Each structure stands twice: as C-alpha cells, then as structure tokens.
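The residues making up each chain are set out below.
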Amino acid sequence: MFDFDGIHEIWQTIARNKTRSLLTAFGVFWGIFLLVVLSSTGNGFENGMMKQVEGVTPNTGFFFTSTTSEPYKGYQKGRSWSMQMSDIEALKEAFPFIKAISPEASVYSSEDKNVVYGSRSGSFTVKGVMPEYNEIEKSKIMKGRFINETDIAANRKVCLLGKKVYTTMFERGENPIGKMVKVNGIYFQVVGVARSYTDNVNINGSIDESVILPFTTMQQVFALGDKINFFALVADDDTPLPDIEEDVMQLIKQRHDIAPTDKDAIRSFNLTEIFKAFKGLFFGIHILIWIVGLGTLMSGIIGVSNIMLVTVKERTREIGVRRAIGAKPKNIITQVLSESLLLTTLAGLVGLCIGVGIMAIVGMITSNMPSDNMMFQDPYMSFKAAVLATIIVILSGLLAGILPALRAIQIKAIDAIREE
Amino acid sequence: MIRLEKINKTYFGAQPLHVLKGINLHIKEGEMVSIMGASGSGKSTLLNILGILDNYDSGDYYLNGQLVKNLTENQAADMRNQLIGFIFQSFNLIPFKTAMENVALPLYYQNVNRKKRNQLALEYLERFGLKEWADHYPNELSGGQKQRVSMARALVTHPKVILADEPTGALDSKTSAEVMQILREVHQTGITMIIVTHERGIALRTDKIIHLKDGVIENIEINNPETIDFTQEIK
C-alpha cells in the first residue's frame with residue numbers, strides 16, 4: 001500500500017489545504033520540538049553539573065574530630081583529643097576497601113601576605129596532605145609533580161603551588177620548578193603546579209589558591225605535633241561509604257578510649273549521599289521534562305485528530321464518491337490513517353530536526369564560552385531518546401488517525417449522493 | 001442484464017416509509033431505459049438499489065446473472081467498481097484532482113498502475129473531446145465539460161451498466177442535448193444504460209420509459225428514439 005501511488009494520493013489531500021495542514025501539524029511539531037529542547041537542556045545542565053564535580057570521587061568520606069560528649073573509662077566528657085598518623089595506618093590495615101586515605105591540615109599565618117617570592121607576595125591557604133590526597137580531591141598537574149612518598153619519608157621542604165598562586169607569584173611563562181618560595185616565613189622548593197577541575201566543589205579552599213605541603217613536613221616545620229583532626233578517604237566502588245562510615249569511626253573511638261555511643265567526638269559526612277541526591281534531582285527533572293513534552297505532544301495529537309474529524313465530515317461527499325466508484329472500507333481507512341501518519345510524522349521529524357539543530361548551535365556557543373564555571377554543557381539529546389521520540393511520533397500519528405478513520409468508514413456511498 | 005423480482009424497501013424513520021412495493025423489472029443487455037416518476041415515487045431509491053449503494057428488504061436482484069443480496073462492503077465495492085459506472089446530477093468530481101486524475105480514480109481502486117491509469121484516462125478524455133482539459137481542475141470546467149469528465153470516469157473501467165441520476169439536471173437544454181447524444185453513442189457500443197430523469201424530453205430519447213408511481217411500476221412506455229434527431233435541443 002505504501003507505494004509511490006499511495007503516497008501521491010495521500011499527499012494530494014494534505015497539500016490541497018496547506019494552511020489547515022500546517023496549523024494541524026504545528027501542534028505535533030511543537031510537542032516534539034519542546035521535548036527535544038527540554039530534554040537536551042536537561043542533559044546540558046546535568047553535564048554541566050557533572051563537570052563541576054568531575055574532580056571529586058563520589059565514594060568519598062570525610063571524618064573530623066571534636067571534643068567528647070560522653071564520659072568513658074574514667075575520662076570526663078568534653079575532653080579534647082586528636083588522632084595520630086598511627087590511626088591512619090591502622091585504618092589502612094583494618095579496612096582493605098580503602099583505596100586512598102589522607103589527613104589534611106592547614107596552617108595559618110599572622111602575616112597578611114603569607115606567601116612570598118622575590119618582590120611578589122600573596123595571601124593563600126597552606127595545606128598539608130599525603131600523596132594519596134590527589135586521588136581524593138583530584139587536581140590537574142600543570143607542571144612538575146604532586147607530593148610523593150619520598151617527600152613524606154624525608155620530610156622534604158617542598159611545595160606544590162595552585163594555579164592562582166603560580167600566576168600571582170611568577171612571571172607569565174616563568175618556570176617555577178626548583179624555585180624557593182617563602183611560605184609562612186619558611187622556604188619551600190616548588191615541585192609542581194596544579195589546578196583544580198572545578199571551583200565549585202573543594203575541600204577547605206580550592207587547590208588553585210592553595211600551597212600544598214607534605215603533611216609530615218608541615219607538622220614538623222610548623223611544630224604541630226602528631227595531631228590529626230581531619231582526614232578523608234575513598235573506598236572502592238563495591239563498598240558504599242554510608243555502609244562503612246560507622247565501622248571506621250568505631251575503630252578510631254576504640255583506639256582513643258571514646259564511648260562507642262559518643263556521637264560528637266568524631267563525625268563524618270560523605271559525598272555518596274550528595275551524589276545520590278544529585279542523581280535523584282536530575283532523574284526527577286528528566287521525568288518532568290518528558291511529562292511536559294509528552295503532554296504538549298498529546299495536545300498536538302488531539303489537535304490532529306480533531307481537525308481530521310472535521311476534515312472527514314467535510315469530505316463526506318468525496319469519500320462517498322470514492323466508495324461509489326469502488327473504494328473498499330480498507331482503502332478509506334488506509335487513506336485517513338496514512339494522511340494522519342504522514343502529517344504527524346513529517347511534523348514530528350521537522351520538530352526533531354529543528355530542535356536538534358538549535359540545540360547543536362546552543363551547544364557550540366556554550367562550548368566556545370571561555371568560563372570554566374559553565375553550569376551548562378553539551379545540551380544534546382541521547383540517541384536512544386531521539387529514537388524513542390520518533391517511535392512516539394509515528395505511534396501517535398496512527399493513534400490520531402483512528403477516530404477519524406472509524407468515522408470515515410461509516411460514510412456510505414449513498415450519503416454522498418443524498419447530500420444534494 | 002438486470003432482473004428485479006418483488007423488490008421491497010422500507011425506510012424506518014420516525015414514520016416507516018414503504019418506498020418500493022414489490023418491483024419486478026427486467027432490463028436486457030444493451031438496453032437504454034429511463035425511469036420517470038414524481039418526487040417520492042421511489043425512483044432514486046430504485047437507482048440506489050440498482051447501483052448497490054443501498055440494500056433492499058425482500059425480493060431478489062440479479063445483476064449480470066449474479067444475485068446481489070447480503071453482500072459485504074468489499075463485495076459490493078468490487079461489483080460497483082467492475083460492473084457499474086455512475087453519472088451523477090452534480091457530477092461529483094473530486095475538486096482537488098485534475099480531470100485526468102478524476103477519470104483515473106476508479107482504476108486506482110483496481111490497482112492499475114499510475115502510468116497505465118493516466119494513459120487510459122487520457123484516451124477516454126480524448127474520446128469526449130477534453131484532451132486539452134486533462135490538466136484542469138473541475139472548477140475550471142463548464143457544466144457540460146464536467147459531465148463529460150464524469151462520463152469518462154464512469155466508462156473508464158468498461159462497466160456493463162451505466163446508471164445516470166438526472167445526468168442533465170444541472171445543465172442547460174443545449175448542453176443536455178449534447179450529453180444525451182454522447183450517452184446514446186456510448187449505449188450503441190453495447191452498454192446497458194439506465195437514466196433517472198424527470199424531463200420527458202430526455203426520457204423520450206431512450207428505448208423504454210419506466211413510469212414509477214408510489215413505489216410500483218405504473219407502466220412501461222416503449223419509445224422509438226431512432227425517430228428523434230439527437231442534434232436538436234430538448235424541449
């Protein structure tokens with residue numbers, strides 16, 4: 001039936017009333033167009049959001065100490081305490097699922113400009129971390145290297161500069177590696193420059209604006225003692241952090257004579273829950289988008305169906321004449337369904353193409369914007385969604401034609417002739 | 001060609017209307033007959049039954065030797081398509097199709113391919129002197145031309161019977177004469193022809209006039225159309 005002849009026959013009827021066909025098709029066009037644009041925009045925001053947290057591993061947990069809130073083993077409540085490096089080692093040994101673990105601490109200076117190189121100076125965060133820290137808060141090494149095990153073992157006075165620290169302290173293009181920078185009054189040798197993946201998610205200040213020191217060196221040089229009040233860990237993907245957080249804290253409480261029921265002495269939060277919330281949010285947004293898009297499409301389909309019903313009524317005589325000269329009910333049904341199918345499919349495909357085209361242009365414009373902070377990236381519909389949308393359009397075309405087709409076959413040849 | 005035996009038809013409306021009360025009629029192959037009668041006499045109903053556009057309540061209708069009774073929509077469509085050509089008072093051409101496409105339409109429903117369809121349609125248009133008008137739409141044609149297009153459409157499938165419902169009803173007397181002349185010529189190729197009319201001038205140009213009154217055949221008048229000059233205007 002879908003030979004050229006059939007299509008010609010159908011096209012003739014659609015083309016005969018251009019304005020009406022166009023207006024009818026517009027509803028479907030708009031539905032699909034909106035669906036594409038909304039869905040792509042949703043993806044754009046999701047991609048942009050995900051880019052913001054690109055440097056962060058979802059399965060990360062943070063632990064920090066506070067004074068105790070319960071008396072235990074002869075200790076009063078309200079006791080101040082700290083963890084030691086040995087606790088970190090013990091955790092590593094006890095829990096094989098720990099992929100990376102690192103304490104983190106900062107030192108503060110009374111001076112306003114705490115980082116000095118030659119005649120330049122600036123005010124930046126000073127952090128001490130372990131080499132594994134780079135797997136927890138990922139940064140991009142631009143020059144040189146990250147803090148390594150040898151730096152820790154030998155308590156080397158080396159430092160890694162954040163991107164902004166580097167640009168403030170050095171001439172453009174100047175090689176900082178090996179240079180001595182004064183940090184809080186003490187000279188450190190620069191081993192690398194790093195920049196963070198994102199400005200929006202960071203731990204205790206962005207890496208861009210930090211000077212990173214080996215944790216042990218910092219403890220020694222700034223006379224901090226073997227005290228750890230904050231550490232972060234990444235667990236392997238099979239071990240969700242919410243499941244193990246409590247185990248980690250219990251081990252530490254046990255090592256420090258803290259009541260197992262003490263809820264304040266050591267606290268934690270993890271990114272898994274936050275990521276889950278993000279995922280849930282975007283899932284909700286996508287569902288909303290499809291509901292809105294499909295709703296619009298549905299009203300378009302009802303519009304097509306409605307107009308087709310009117311058209312069938314108007315064409316009573318034509319259909320009657322066709323019946324009189326030999327058209328079978330099958331021919332009439334096929335004709336009406338095909339008209340509706342062709343109209344909706346064409347309108348839908350045009351909507352799909354224009355929607356995808358516009359989003360491609362939007363995607364190009366946004367990707368050319370220089371900001372690192374774009375919350376919007378790659379606003380493209382997935383291929384799967386596009387295929388689904390196409391199938392929906394075709395099905396809806398058939399659906400829209402059913403009622404008018406049923407109405408059309410009720411027209412008998414005699415009706416056409418009686419109408420005189 | 002056509003045999004009606006005790007055909008009864010009642011329309012069940014607010015008030016049941018017994019339109020045809022036992023019609024017996026025999027029309028031989030190649031005959032040209034007219035049906036006359038006042039409005040309400042049942043002549044349109046009879047034509048609809050003859051054209052398998054409507055069914056009847058009791059009796060038997062044989063068309064080309066086949067009993068036409070309790071047909072499915074598809075069987076009826078096939079019989080109409082193959083055996084009957086319709087000519088309507090208001091032409092009933094499809095307005096968005098050219099003259100040629102209108103003529104070719106019945107062949108579309110016979111699944112004749114497009115090229116052959118249009119070629120046949122052109123042949124028939126040429127026969128009726130409308131070849132130059134093949135690409136024109138119905139609203140660009142005069143009444144006579146439209147009726148000639150519809151005659152071409154009725155004939156393009158080589159039907160056995162032509163049913164014409166007031167074929168000259170919408171035409172002036174000069175054009176009516178032309179149309180009747182063409183119908184006469186068509187009839188002379190051996191096609192059975194039944195014309196419903198209320199104009200005696202038209203009816204006189206057929207072999208027989210069947211007078212219908214109140215749902216029964218009142219009488220059948222035998223004419224001698226050979227004595228009539230078909231080139232003359234109809235009075």
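Per chain, residues are indexed from 1 in the order of the written sequence. Each chain gets a letter, beginning with A, and each ligand a number, beginning with 1, in the order they are written. Predicted model: local features are reported for residues with pLDDT of at least 70 only, side-chain atom pairs are reported and counted for 80 or more only, and whole-chain, interface and lining totals are derived from all residues.

Asker: Run through the overall build of chain B, naming residues and quoting values.
Answerer: Numbering goes from the N terminus for both helices and strands, where a helix is a DSSP run of H or I of at least four residues and a strand is a run of E of at least two. Across its full length, chain B carries 7 helices and 10 strands. By the criterion used throughout, residues are in contact when their C-beta atoms, derived from the backbone, lie within 7 Å. At a minimum sequence separation of 6, the contacts of chain B that also span at least 24 residues come to 68%.

Asker: An account of the confidence of the model for chain B is needed here, citing residue identities and associated values.
Answerer: Residue and element names in this part refer to chain B. pLDDT is a per-residue confidence score from the predictor, ranging from 0 to 100. Averaged over all residues, the pLDDT of chain B is 88; the fraction at 70 or higher stands at 97%. Per-element mean pLDDT across chain B ranges from 86 in helix H7 (residues 200-203) up to 92 in strand E8 (residues 192-196). The ipTM, which scores confidence in the relative placement of chains, is 0.87 for this predicted complex, and the corresponding pTM is 0.69.

Asker: Talk me through the nonpolar core; I want residue IDs and the actual numbers.
Answerer: By our criterion, buried Ala, Val, Leu, Ile, Met, Phe, Trp, Tyr and Cys residues that link up through C-beta atoms within 7 Å make up a nonpolar core. Once C-beta atoms are placed from the backbone, each residue is buried if 20 or more other C-beta atoms lie within 10 Å of its own, exposed if 12 or fewer, and partly exposed for counts between those two. Ile-32 of chain A together with Val-103 of chain B are the most contacted members of the largest nonpolar core, which has 115 residues in total. Considering every element that reaches this core, the biggest residue donor is helix H2 (residues 18-52) of chain A, with 10 residues. Leaving out residues up to four positions away in the same chain, Ile-32 of chain A has contacts with Leu-297, Gly-348, Gly-351, Leu-352, Gly-355, Ala-389 and Val-393 of chain A. Judged by nonpolar contacts, the second largest core, of 50 residues, contains Met-83, Ile-147, Ala-235 and Ile-266 of chain A.

Asker: Break down the environment of Ile-35 of chain B for me, citing the residues and quoting the values.
Answerer: All names here are of chain B. Following the sequence through the fold, Ile-35 ends up in strand E3 (residues 32-37). With 27 C-beta atoms counted inside 10 Å, the residue Ile-35 sits in the buried group. Discounting chain neighbours no more than four positions away, the residues touching Ile-35 are Lys-43, Leu-46, Leu-47, Ile-194, Val-196, Ile-210 and Leu-212.

Asker: Outline the sheet that holds E3 of chain B, listing residues and values.
Answerer: All names here are of chain B. Here, strands pair whenever DSSP counts at least two bridges between them. The strand order across the open sheet formed by 6 strands is E6-E7-E8-E3-E9-E10, and the pairing between neighbours is mixed. Only two strands of the sheet have a single neighbouring strand rather than two, namely strand E6 (84-87) and strand E10 (216-222). Within the sheet, the average angular offset between the axes of one strand and its neighbour, ignoring direction, is 20 degrees. Pairing between E3 and E8: 4 bridges, direction parallel. Paired with Ser-34 across the bridge in E8 is Ile-195. Axis definition: a line fit to C-alpha positions, over the contact stretch in the case of helices; interaxial angles, taken between N-to-C directions, run 0 to 180 degrees.

Asker: Talk me through the pairing of strand E8 (residues 180-183) of chain A; I want residue IDs and the actual numbers.
Answerer: All names here are of chain A. Judged by which residues are buried, E8 turns out to be one-sided: Val-181 and Val-183 face inward and are buried, whereas Met-180 and Lys-182, on the alternate face, are not. Note that strand E3 (residues 115-117) and E8 share 2 bridges and pair antiparallel. Counterpart to Val-116 in the pairing with E8 is Lys-182. As judged from the 4 bridges shared by E8 and strand E9 (residues 186-196), these two strands associate in the antiparallel manner. Its bridge partner lying in E9, Met-180 is registered against Gln-189. The turn linking E8 back onto E9 is made up of 2 residues, and Asn-184 within it adopts a positive phi angle of 50 degrees.

Asker: Can you break down the confidence of the model for chain A residue by residue, with the values?
Answerer: Chain-level pLDDT for chain A is 85 on average; 94% of the residues reach the 70-or-more range. Taken element by element, chain A is modelled with least confidence in helix H12 (residues 413-418) of chain A, mean pLDDT 71, and with most confidence in strand E7 (residues 158-162) of chain A, mean pLDDT 93.

Asker: How would you explain the sheet that holds strand E4 (residues 58-63) of chain B if you had to name every residue and give the values?
Answerer: Residue and element names in this part refer to chain B. Pairing in this open sheet of 4 strands is antiparallel, and the strands run E2-E1-E4-E5 from one edge to the other. Strand pairing shows two members of the sheet lacking a second neighbour, strand E2 (17-27) and strand E5 (66-67), which therefore form its edges. With 2 bridges connecting them, E4 and E5 associate as antiparallel partners. Within the sheet, the bridge partner assigned to Leu-63 lies in E5 and is Gln-66.

Asker: Talk me through the interface of chain A and chain B; I want residue IDs and the actual numbers.
Answerer: Each side of the interface is counted separately: chain A has 20 residues, and chain B has 22 residues. Those elements that provide at least two residues to the side of chain A that touches chain B are helix H1 (4-16), helix H9 (316-324), helix H10 (329-368) and H12 of chain A. The element that contributes the greatest number of residues to the side of chain A that touches chain B is H9 of chain A, accounting for 5 residues. Its residues assigned to classes, the side of chain A that touches chain B shows 9 nonpolar, 3 polar and 8 charged. Residues are grouped as follows: nonpolar covers Ala, Val, Leu, Ile, Met, Phe, Trp, Tyr, Cys and Pro; charged covers Asp, Glu, Lys and Arg; every other residue, Gly included, is treated as polar.

Asker: How would you explain the pairing of strand E1 (residues 2-11) of chain B if you had to name every residue and give the values?
Answerer: Residues and elements named next belong to chain B. Pairing analysis gives 8 bridges linking E1 to E2, with the strands arranged antiparallel. Pairing of Ile-7 across the sheet is with Ile-23, part of E2. Relative to E4, E1 runs antiparallel, the two being bridged by 5 bridges. The residue of E4 that forms the bridge with Glu-5 is Asp-60.

Asker: Tell me about the packing of helix H5 (residues 143-155) of chain B against helix H6 (residues 173-188) of chain B, and please be specific about residues and values.
Answerer: All names here are of chain B. Two elements in contact, H5 and H6, have axes separated by 10 Å at closest approach and are oriented at 15 degrees. Accordingly, the angle class assigned to the pair H5 and H6 is roughly parallel. For the crossing formed where H5 meets H6, the hand is right-handed. In this structure, H5 uses Gly-143, Gly-144, Gln-147, Arg-148, Met-151 and Leu-155 to contact H6, whose residues at the interface are Thr-175, Glu-178, Val-179, Ile-182 and Val-186. When grouped by side-chain class, the residues that make up the contact of H5 with H6 number 5 nonpolar, 4 polar and 2 charged. By definition in this entry, angles of less than 35 degrees are roughly parallel, angles greater than 145 are roughly antiparallel, angles of 65 to 115 are roughly perpendicular, and the rest are oblique. Crossing handedness is defined as follows: a turn of the near helix away from the far one that is anticlockwise and smaller than a right angle gives a left-handed crossing, while the clockwise case is right-handed.

Asker: How would you explain the environment of Gly-59 of chain B if you had to name every residue and give the values?
Answerer: Residue and element names in this part refer to chain B. You can see Gly-59 is positioned in strand E4. Assessed through the 17 C-beta atoms surrounding it within 10 Å, Gly-59 is described here as partly exposed. Linking Gly-59 and Gly-22, residues 37 residues apart in sequence, is a C-alpha distance of 7.5 Å. Filtering out sequence-adjacent residues up to four positions away, Gly-59 remains in contact with Leu-4, Glu-5, Lys-6, Ile-7 and Asn-8.

Asker: How would you sum up unusual backbone geometry? Please name residues and give values.
Answerer: Phi is positive for Asn-184 of chain A, close to 50 degrees, though the residue is something other than glycine. Residues other than glycine seldom take positive phi values, yet Ile-52 of chain B does so here, at roughly 55 degrees. Looking at the secondary structure, you find Ile-52 of chain B in the loop between helix H1 (43-50) and E4. For Ile-52 of chain B, a count of 23 C-beta atoms within 10 Å translates into the label buried.

Asker: Explain the packing of helix H8 (residues 271-314) of chain A against H10 of chain A to me, using residue names and the numbers behind them.
Answerer: For any two helices packed against each other, the geometry comes down to the angle between their axes and how far apart the axes lie. Residue and element names in this part refer to chain A. The N-to-C vectors of H8 and H10 enclose an angle of 140 degrees; their axes lie 11 Å apart at closest approach. Between H8 and H10, the angle falls in the class oblique. Relative to H10, H8 is oriented so that their crossing is right-handed. In this structure, H8 uses Val-304, Met-308 and Val-312 to contact H10, whose residues at the interface are Val-336, Ser-340, Leu-343 and Thr-344. Partitioned by chemical class, the residues of the contact of H8 with H10 number 5 nonpolar, 2 polar and no charged.

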